Amino acid sequence: MTGKIAVTCLQMQNDLHRHRERIEAAGYELIVPTLNGQCFKTDELVAVAHDCVGIVAGDDDLGRRTLTALPKLKVLVRWGIGTDSVDFDAARELGVVVRNTPGVFGEEVADSAFGYIINLARGHHLIDAAVRRGEWKKVEGIALAGETLGVVGAGSIGSAVVRRGLGFGMTVLAYDPYFQGELPTGAFLVELNALLDQARFVVLTAPSTPSTRGMVNESTISKMRNDAFLINVARGDLVIEADLAAALASGRLAGAGLDVFEVEPLPAASPLRNLNVVLGSHNGSNATAGVRRASQKAVDILLEELGRK
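My aim in this report is to walk through the structure given alongside it, one point at a time.

Calculation notes
- Residues numbered from 1 in each chain as written.
- Predicted model: local features only at pLDDT ≥ 70, side-chain atom pairs only at ≥ 80, totals over all residues.
- Heavy atoms only, no water.
- Disulfide = S-S within 2.5 Å.
- Pairing = 2+ DSSP bridges.
- Helix = DSSP H or I, 4+ residues; strand = E, 2+ residues; numbered from the N terminus.
- Axes fitted to C-alpha atoms, helices over the stretch in contact; angles between N-to-C directions.
- Contact = heavy atoms within 4.5 Å.
- Expected span 1.5 Å × (residues − 1).
- Buried < 20%, exposed > 50% of the residue type's maximum accessible area, 1.4 Å probe, protein only.
- Nonpolar A, V, L, I, M, F, W, Y, C, P; charged D, E, K, R; others polar.
- Core = buried A, V, L, I, M, F, W, Y, C linked by side-chain atoms within 4.5 Å.
- Salt bridge = Lys/Arg side-chain N within 4 Å of Asp/Glu carboxyl O.

### Here we look at the state of the cysteines
Right, so step 1: Under the definition given, this model contains 0 disulfides.
Right, so step 2: Here C9 is not cross-linked by a disulfide; its sulfur's nearest cysteine counterpart is in C39, at 11 Å.

Next up, the structure:
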């Protein structure tokens, strides 16, 4: 099969020079549209990829309306791990193969999670802001050794966070109802309520599914320690942000590190901007090694699947 392939994922676009020759040698024309926002909405994506047989997509709108308007599409590769933006029922009805690139940047996202943990534990973000104002702020920090880390989701990212926690001398708990492997020696698989009750640092690495969306809410927050910190490097819809903001404003929680949000980019009016929150930009996986790994896998999968058509 030949035809056009659209690459709409920004990280993949930045790495495309490594793969262009191979894709074009296979007989495909590359379409690389400029991304002006966080992702391509339906009308934007259809405008640039309406006659494409393959797409490597980022956080784009990949719902039924989008897929129905792409009559030539045969293979959709979601660059990265999350597939919550894809309407799988529509894809099956339309005969579109949907794949992702799992297991490609567990280490990178785990590094980012610990970046948030260390910033919150030592108040680096508060000190930085104070020094920029001409102050010389002293923040009494938290030593991680001996503290309890709770990891929600024990897949490739969660397992990497677990290993880092053990390396810092922390007591490590994990919750994952679907986990069937073995955690590293020294880490313990527990129920969610036990994790929330004990952990000083709670890290979300679970996928966005009907059972996880909104899992951090007023009820679950009430089970957490008052001195706890929440870190989310998974998906924004795992957290009810209004409930989190209320808990932070009242002192019910000590702080948060958020790489992802319910609405991205984070709205200017979000109360999270004025609380003890280290703010990210959905960038936890964006490290050179991980980008190259994911891009290579995306091209491998795309060409393999198109070769079967």
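Let's pick the thread back up.
### Remarks on the sheet that holds strand β6 (residues 148-152)
Right, so step 1: Spatial strand order, β8-β7-β6-β9-β10-β11-β12: 7 strands in an open sheet with parallel pairing. Where the open sheet ends on each side, the last strands, each with one partner, are β8 (187-189) and β12 (277-279). On average, adjacent strands in this sheet sit at an angle of 15 degrees to one another, irrespective of strand direction.
Right, so step 2: Examined bridge by bridge, strand β11 (residues 255-258) and β12 share 3 bridges and lie parallel to one another. Each residue of the ladder has a partner; that of G257, found in β12, is V278.
Right, so step 3: Set on the sheet, helix α8 (residues 156-167) makes contact with β6, β7 (171-175), β8 and β9 (201-204); between it and β6 the angle comes to about 175 degrees.
Right, so step 4: Packed onto the sheet, helix α11 (residues 241-250) meets β10 (229-232), β11 and β12 and runs at close to 145 degrees relative to β11.

### Describing the sheet that holds strand β1 (residues 3-7)
Right, so step 1: Ordered in space as β2-β1-β3-β4-β5, the 5 strands form an open sheet in which the pairing is parallel. The open sheet has two edge strands, β2 (28-31) and β5 (97-100), and neither has a second partner. The mean inter-strand angle of the sheet, taken between neighbouring strand axes irrespective of direction, is 20 degrees.
Right, so step 2: Pairing of β1 with β2, which is carried by 4 bridges, proceeds in the parallel orientation. By the bridge assignment, I5 is partnered in β2 with L30.
Right, so step 3: Sheet strands in contact with helix α12 (residues 288-307) are β1, β2, β3 (52-57), β4 (75-78) and β5, and its direction is about 165 degrees off that of β4.

### Considerations on α8
Right, so step 1: Compared with an ideal rise of 1.5 Å per residue, which puts 12 residues at 16 Å, α8 spans 17 Å between its outermost C-alpha atoms and is within 8% of the ideal.
Right, so step 2: Residues of α8 that are buried include every one of I157, G158, S159, A160, V161, V162, R164 and G165, and no others.
Right, so step 3: Summarising the contacts, the buried residues of α8 are in contact with α6 (106-122), β6, β7, β8 and β9.
Right, so step 4: The first or second residue beyond α8 is G169, which carries a positive phi of 80 degrees.

### A look at the packing of α6 against helix α7 (residues 124-132)
Right, so step 1: The N-to-C vectors of α6 and α7 enclose an angle of 65 degrees; their axes lie 5 Å apart at closest approach. Counted together, I118, N119, L120 and R122 of α6 and H124, H125 and I127 of α7 form the full contact between these two elements.
Right, so step 2: Residues of the contact of α6 with α7, tallied by class, amount to 3 nonpolar, 3 polar and 1 charged.

### So, unusual backbone geometry
Right, so step 1: Put simply, E264 and P265 share a cis peptide bond, and its omega is -5 degrees.
Right, so step 2: Within the secondary structure, P265 is located in the loop between β11 and β12.
Right, so step 3: Even without a glycine there, the phi angle at H282 is positive, about 50 degrees.
Right, so step 4: Here H282 lies in the loop between β12 and α12.
Right, so step 5: For H282, a relative accessible area of 21% gives the class partly exposed.

### Re the nonpolar core
Right, so step 1: If you look at the biggest cluster of nonpolar residues, it comprises 51 residues, and the most contacted ones within it are W79, L149, V161, F201 and I231.
Right, so step 2: Other than its neighbours up to four places away in sequence, L149 contacts F114, I117, V161, G165, M170, T171, V172, L173, A199, F201 and V203.
Right, so step 3: Core analysis: the next-biggest nonpolar cluster, separate from the first, contains 30 residues, A206, M224, A228 and V239 among them.

### Quick notes on the environment of V86
Right, so step 1: Take V86: it is sitting in the loop between β4 and α5 (88-94).
Right, so step 2: C-alpha of V86 to C-alpha of D60: the two residues are 26 residues apart in sequence and 8.8 Å apart in space.

### Considering the pattern of salt bridges
Right, so step 1: Counted under the stated rule, the structure contains 23 salt bridges.
Right, so step 2: Here R20 and E24 are joined by a salt bridge, their closest N and O atoms 3.3 Å apart. Residue R20 and its partner E24 are located together in helix α2 (residues 20-25), separated by 4 residues, close to a single helical turn.
Right, so step 3: Residue classification places R20 among the partly exposed positions, given a relative accessible area of 34%.
Right, so step 4: Residue R163 pairs with E107 through a salt bridge whose shortest N-O separation is 2.3 Å.

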